[in-house]
Amino acid sequence: FLLAPNWTWSFGAGLASFAVGHVFYIIFMLRSLLVVPEWYLFLILALVCFSAGAFYLHLLRKGLPSALRVPGFLYVVDIAFMAGCTFFFAFSGGSQIGWLAPIGGLFFIASDSMLSFDTFLKPIPYRYLAVMGTYIAAQTLLTIAFTFA
């Protein structure tokens, strides 16, 4: 959806589908934790996620259509929370290679950041290679980390 050129409906559809996928990742990671982090760590993570959402929305403000501002903010909070949960997953002791999960989460953020920057602000050279390379790396690292949990 997200790489489809000139389809007005595709960005919203892609945003929604990936948001749901991130929620499933979050559920899996939280259910896999051997040790549940203290409540204040979740609070800190939530504050970081909301701050990241506000910051990235501010960066995209000139090019992001107003109809996508709220969904975009919610998506950034969603993916930031997913990436934050990869650190909980990595340090919970459920997998010897759980450390791959945060790297995968950061690759996911890099992929989506490049895609939104390219779409709404300025074209990125080698867009497809950059976006899909980081996306495939993210999925691969998360899959390996989760498989051996």
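Just so we're clear, the structure is a prediction, and the values are computed from it rather than from any experiment.

Asks: Before we go on, may I ask you to explain the overall build of the chain in this structure?
Replies: Broken down by element type, the chain carries five helices and zero strands. Along the chain direction, N to C, the helices and strands of the chain fall in the order α-α-α-α-α. On C-alpha atoms alone, the chain measures out to a radius of gyration of 16 Å, which is about the 15 Å that the 2.2 N^0.38 rule sets for 149 residues. Overall, the chain is about 45 × 30 × 20 Å in size when its C-alpha atoms are taken along their principal axes. By the burial criterion, 41% of the 149 residues in the chain qualify as buried. When contacts within the chain are restricted to residue pairs at least 6 apart in sequence, those whose partners lie at least 24 apart make up 72%. Accessible surface computed for the chain: about 8,500 Å², of which carbon and sulfur atoms make up 75%. Charge-centre separation for the chain: the mean point of 6 positive side chains lies 13 Å from the mean point of 4 negative side chains.

Asks: Looking at this model, I keep getting lost on the pattern of salt bridges. Mind explaining?
Replies: Enumeration over the complete set of coordinates arrives at one salt bridge. Where Asp118 meets Arg127, a salt bridge forms, and the shortest distance between an N and an O atom there is 2.8 Å. By the burial criterion, Asp118 is buried, and Arg127 matches it.

Asks: Sorry, what's going on with the side chain of Thr134 here?
Replies: By the element assignment, Thr134 lies in helix 5 (residues 127–147). Setting aside anything within four residues of it in sequence, one finds Thr134 in contact with Phe107, Ala110, Ser111 and Met114.

Asks: Just to check I follow, could you spell out the environment of Ala54 for this structure?
Replies: As for its position among the elements, Ala54 is in helix 2 (residues 39–60). On the basis of relative accessible area, Ala54 is assigned to the partly exposed category, the value being 43%. As a C-alpha pair, Ala54 and Val76 span 22 residues in sequence and 8.6 Å in three-dimensional space.

Asks: Can you walk me through the nonpolar core in this structure?
Replies: Taken as a class, soluble globular proteins show a tendency for nonpolar side chains to be buried jointly. One finds Tyr25, Met29, Met82, Phe108 and Phe146 to be the most contacted residues of the largest nonpolar core, which totals 33 residues. Of all elements in the fold, only helix 1 (10–32), helix 2, helix 3 (69–90), helix 4 (100–120) and helix 5 reach the threshold of two or more residues within this core. A per-element tally of this core places helix 3 first, with eleven residues. Setting aside residues no more than four positions away along its own chain, Met29 makes contact with Met82, Cys85, Thr86, Phe89 and Phe146.

Reading guide: rules and limits
- Residues numbered from 1 in each chain as written.
- Predicted model: local features only at pLDDT ≥ 70, side-chain atom pairs only at ≥ 80, totals over all residues.
- Heavy atoms only, no water.
- Helix = DSSP H or I, 4+ residues; strand = E, 2+ residues; numbered from the N terminus.
- Rg over C-alpha atoms; globule rule 2.2 N^0.38 Å.
- Buried < 20%, exposed > 50% of the residue type's maximum accessible area, 1.4 Å probe, protein only.
- Contact = heavy atoms within 4.5 Å.
- Areas by Shrake-Rupley, 256 points an atom, 1.4 Å probe, with all protein chains shown as cover.
- Lys, Arg positive; Asp, Glu negative; His and termini not counted.
- Charge placed at Lys NZ, Arg CZ, Asp CG, Glu CD.
- Salt bridge = Lys/Arg side-chain N within 4 Å of Asp/Glu carboxyl O.
- Core = buried A, V, L, I, M, F, W, Y, C linked by side-chain atoms within 4.5 Å.

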